[in-house]
Amino acid sequence: MKRFILIILILLCSGGAYSYFRSHSSESEISNAPKYEFAKIERRKVENVVSATGTLAARDIVEISTQVSGILNEIYADFNDEIEKDQLIAVIDPSILEIQVTIAKADLMRTKAQHQQAKNNYDRFKPIHEKGFLSDNDFQPYDIALLTSEANVLSSEANLARSKQNRGYAEIRSPIAGIVIDRTVEQGQTVAASLSAPKLFTIAADLSDMEILAQVDESDIGQIQVGQNVRFTVAAYIDRTFTGTVEEIRLLPDVVQNVVNYTVVIGAENRGGKLLPGMTASLDFVVADVENALSVQSSALNLRANEEMQAVVAAFRSKMQAGREDNGAERSAQRPQRGSGRPEGGRRGGGGQRGRTMTSLWYYNSEGQLTMLPVRAGVSDGAFTEVLPIRDQEIPEDLEFISRISTSASSTASTRGGGSQGGRPSGLRRLGF
């Protein structure tokens, strides 16, 4: 009896162990099976943009300097002051310059007196020389003295004009109408213009019309064109989007540590005065945009094919190859005679069609079969991509496609706009090629 009971226990333990290992093996196979996540095709605006950064600047900026040295007696303009053209904005101590003007006047008076004396001597001895009572050698000094005195008078007049001009430089006036955006001097400060003209003020002509100098990478510069629309934001108004237009692409590259950038000039209106010179702008160059486009998640067009997908691709290729062979045989039988026109139904060009990249969407048809839908990828913003039909094939707007593949046992299939059962969406319409 005990032996019989022992045999029964051994059989029960063996059966339990077999069931345990079989169930765990099935769970392991299920965990390794691919899990699909689904999404629906959407209609949305898709934009392809190139991002860059730039610096805001006023269009016309003039740095006002001085051509004479001295102490700044008066300053009549300050930061943010609006000034008119030729308005007096600073005065350099003119005392030394006025003394130079007085000296130049005295020198001119002296040279004029010498010129008068030389002219009198010339006029007195010229008749004597003409009558032959004075030789040429004796008359020549009077002629030279007259010419020298005339030259001295011209030099003194020029010296006086220069002294008066320098005196005028003591009054600093604005060459343009605008607004003072920088002042680098204070009243009582001494400025020296001996070696280089020191900067006193910086004036911007008009801050209502500004420009942005953007640095665009060499890999993106080919997509930038003059007249292109640009959106940008600044840190001061992070919730507000400003707009501009590409005005110039400068040819000189800016190379920093083997990174090549090109300067792109963008014009931007600043009617409200919100934008200030020196602000950093984050820009998006709108390369292409499509309104109300059929779009899918970009990840759906870059799925890594598993074994099930590879089998579908192989079957699709075989079907396409068989179709090409049948079409080739039919065209050979109906080939026109030499000199005849092109037959109808011939090969059509695809010019003017957006999207040149051939790709595929994957979905389950109503019979539960994994199916491939060939499409063309159009404009993409990174997250979403426009999908276009190939030739006359239609893309159903209610199509639920595979957006992601996961092999993790913890991942669950999700559906946008519809439920899923066993990793496959329900209620799908059947599609053909």
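Use the structure listed above.
Reference entry: report on the structure contained in this document. Nothing here was measured: the structure is a model prediction, and the numbers come from that model.

### Some thoughts on the overall build of the protein chain
Next up, step 1: Check the secondary structure of the protein chain and you find four helices and 21 strands.
Next up, step 2: Looking at the protein chain as a whole, 32% of its 433 residues are labelled buried.
Next up, step 3: Taking as baseline every contact in the protein chain between residues at least 6 positions apart, the subset at least 24 positions apart corresponds to 75%.
Next up, step 4: A total of about 27,400 Å² of accessible surface is found on the protein chain, and carbon and sulfur atoms cover 49% of it.

### A few points about the nonpolar core
Next up, step 1: Counting 22 residues, the largest nonpolar core has Ile224, Phe232, Val234, Val264, Ile266, Leu283 and Phe285 as the members making the most contacts within it.
Next up, step 2: Among the elements of the structure, β2 (42-58), β11 (209-217), β12 (229-234), β13 (237-256), β14 (259-269) and β15 (280-297) are those that each provide at least two residues to this core.
Next up, step 3: Here the element with the most residues in this core is β11; it accounts for four residues.
Next up, step 4: Ala90, Ile92, Ala170 and Val180 belong to the second-largest nonpolar core, a separate cluster that totals 18 residues.

### Points about the sheet that holds strand β10 (residues 199-204)
Next up, step 1: Strand order in this open sheet of four strands is β3-β10-β8-β5, and the pairing throughout is antiparallel. Each edge of the open sheet carries a strand with a single partner, namely β3 (61-65) and β5 (82-83).
Next up, step 2: Bridge count between β3 and β10: five bridges; the pairing is antiparallel. Each bridged residue has a counterpart across the sheet, and for glutamate 63 the counterpart in β10 is threonine 202.

### Re the pairing of β2
Next up, step 1: Judged from the 13 bridges that link them, β2 and β15 form a sheet pairing that is antiparallel. In the sheet register, glycine 54 faces β15, and the bridge partner there is alanine 281.
Next up, step 2: Of the pairings in the sheet, the one linking β2 to β11 comprises six bridges and is antiparallel in character. Along β11, the bridge assignment pairs glycine 54 with alanine 214.

### Notes on the pattern of salt bridges
When the charged atoms of two side chains with opposite charge come close together, those side chains can pair.
Next up, step 1: Applying the stated criterion to the full structure yields 17 salt bridges.
Next up, step 2: With a closest N to O distance of 3.1 Å, aspartate 209 and arginine 59 form a salt bridge. Here aspartate 209 is found in strand β11, whereas its partner arginine 59 is found in the loop between β2 and β3, with 150 residues between them in sequence.
Next up, step 3: Looking at aspartate 209, the relative accessible area reads 29%, which means it is partly exposed.
Next up, step 4: For arginine 59, a relative accessible area of 27% corresponds to the partly exposed category.
Next up, step 5: Each of Lys45, Glu47, Arg231 and Glu291 takes part in a single network of salt bridges with overlapping partners.

### Some points on the sheet that holds strand β4 (residues 70-75)
Next up, step 1: One open sheet holds the four strands; their spatial order is β7-β6-β4-β9, and the pairing between them is antiparallel. A single partner strand is all that each edge strand has here, and the edge strands are β7 (171-173) and β9 (190-191).
Next up, step 2: As defined by bridge partners, β4 adjoins β9 across two bridges and the pair is classed as antiparallel. Of the residues in β9, the one forming a bridge with glycine 70 is valine 191.

### Quick word on the side chain of glutamate 47
Next up, step 1: Tracing the backbone through its elements, the reader meets glutamate 47 in strand β2.
Next up, step 2: Among the polar contacts made by the side chain of glutamate 47, one reaches the side chain of lysine 45 at a distance of 3.2 Å.
Next up, step 3: A polar contact of 2.8 Å, which involves the side chain of glutamate 47, links it to the side chain of arginine 231.
Next up, step 4: Aside from chain neighbours lying at most four places away, what touches glutamate 47 is Arg231, Val286, Ala288, Asp289, Val379, Ser380 and Asp381.

### Some remarks on the pairing of strand β8 (residues 178-183)
Next up, step 1: Pairing of β5 with β8 involves two bridges; the strand directions are antiparallel. The residue of β8 that forms the bridge with isoleucine 83 is glycine 178.
Next up, step 2: In the sheet, β8 pairs with β10 via four bridges, with the strands oriented antiparallel. When the sheet's bridge partners are listed, valine 180 is paired in β10 with isoleucine 203.

### Looking at helix α2 (residues 95-130)
Next up, step 1: Helix length check: α2, at 36 residues, gives a terminal C-alpha distance of 52 Å against a target of 52 Å (1.5 Å per residue), a fit within 8%.
Next up, step 2: Buried positions along α2 lie against α3 (136-169).
Next up, step 3: Backbone geometry just after α2 places glycine 132 at a positive phi near 90 degrees.

### Considering the environment of aspartate 143
Next up, step 1: Position of aspartate 143 among the secondary structure elements: in helix α3.
Next up, step 2: Owing to a relative accessible area of 30%, aspartate 143 belongs among the partly exposed residues under this scheme.
Next up, step 3: Linking aspartate 143 and alanine 118, residues 25 residues apart in sequence, is a C-alpha distance of 8.3 Å.

### A word on unusual backbone geometry
Next up, step 1: Unusually for a residue other than glycine, aspartate 86 sits at a positive phi of about 65 degrees.
Next up, step 2: The residue aspartate 86 is located in the loop between β5 and β6 (88-92) in this model.
Next up, step 3: For asparagine 258, which is not glycine, the phi dihedral falls at a positive 65 degrees.

### Looking at a nonpolar patch on the surface
Next up, step 1: The grouping of Ile96, Ile99 and Ile103 at the surface amounts to a nonpolar patch, some 300 Å² of accessible area in total.
Next up, step 2: Here isoleucine 103 is to be found in helix α2.
Next up, step 3: Overall, the relative accessible area of 55% leaves isoleucine 103 in the exposed class.

### Describing the environment of threonine 243
Next up, step 1: Here threonine 243 shows up in strand β13.
Next up, step 2: Separated by eleven residues in sequence, threonine 243 and phenylalanine 232 have C-alpha atoms that sit 6.2 Å apart.
Next up, step 3: Filtering out sequence-adjacent residues up to four positions away, threonine 243 remains in contact with Val230, Phe232 and Ala268.

Scoring rules and cut-offs
Residues numbered from 1 in each chain as written. Predicted model: local features only at pLDDT ≥ 70, side-chain atom pairs only at ≥ 80, totals over all residues. Heavy atoms only, no water. Helix = DSSP H or I, 4+ residues; strand = E, 2+ residues; numbered from the N terminus. Buried < 20%, exposed > 50% of the residue type's maximum accessible area, 1.4 Å probe, protein only. Contact = heavy atoms within 4.5 Å. Areas by Shrake-Rupley, 256 points an atom, 1.4 Å probe, with all protein chains shown as cover. Core = buried A, V, L, I, M, F, W, Y, C linked by side-chain atoms within 4.5 Å. Pairing = 2+ DSSP bridges. Salt bridge = Lys/Arg side-chain N within 4 Å of Asp/Glu carboxyl O. Polar contact = N/O pair within 3.5 Å; in protein donor to acceptor, adjacent residues only side chain to side chain. Expected span 1.5 Å × (residues − 1). Patch = residues over 30% accessible without salt bridge, like charges linked within 9 Å, V, L, I, M, F, W, Y side chains within 5 Å.

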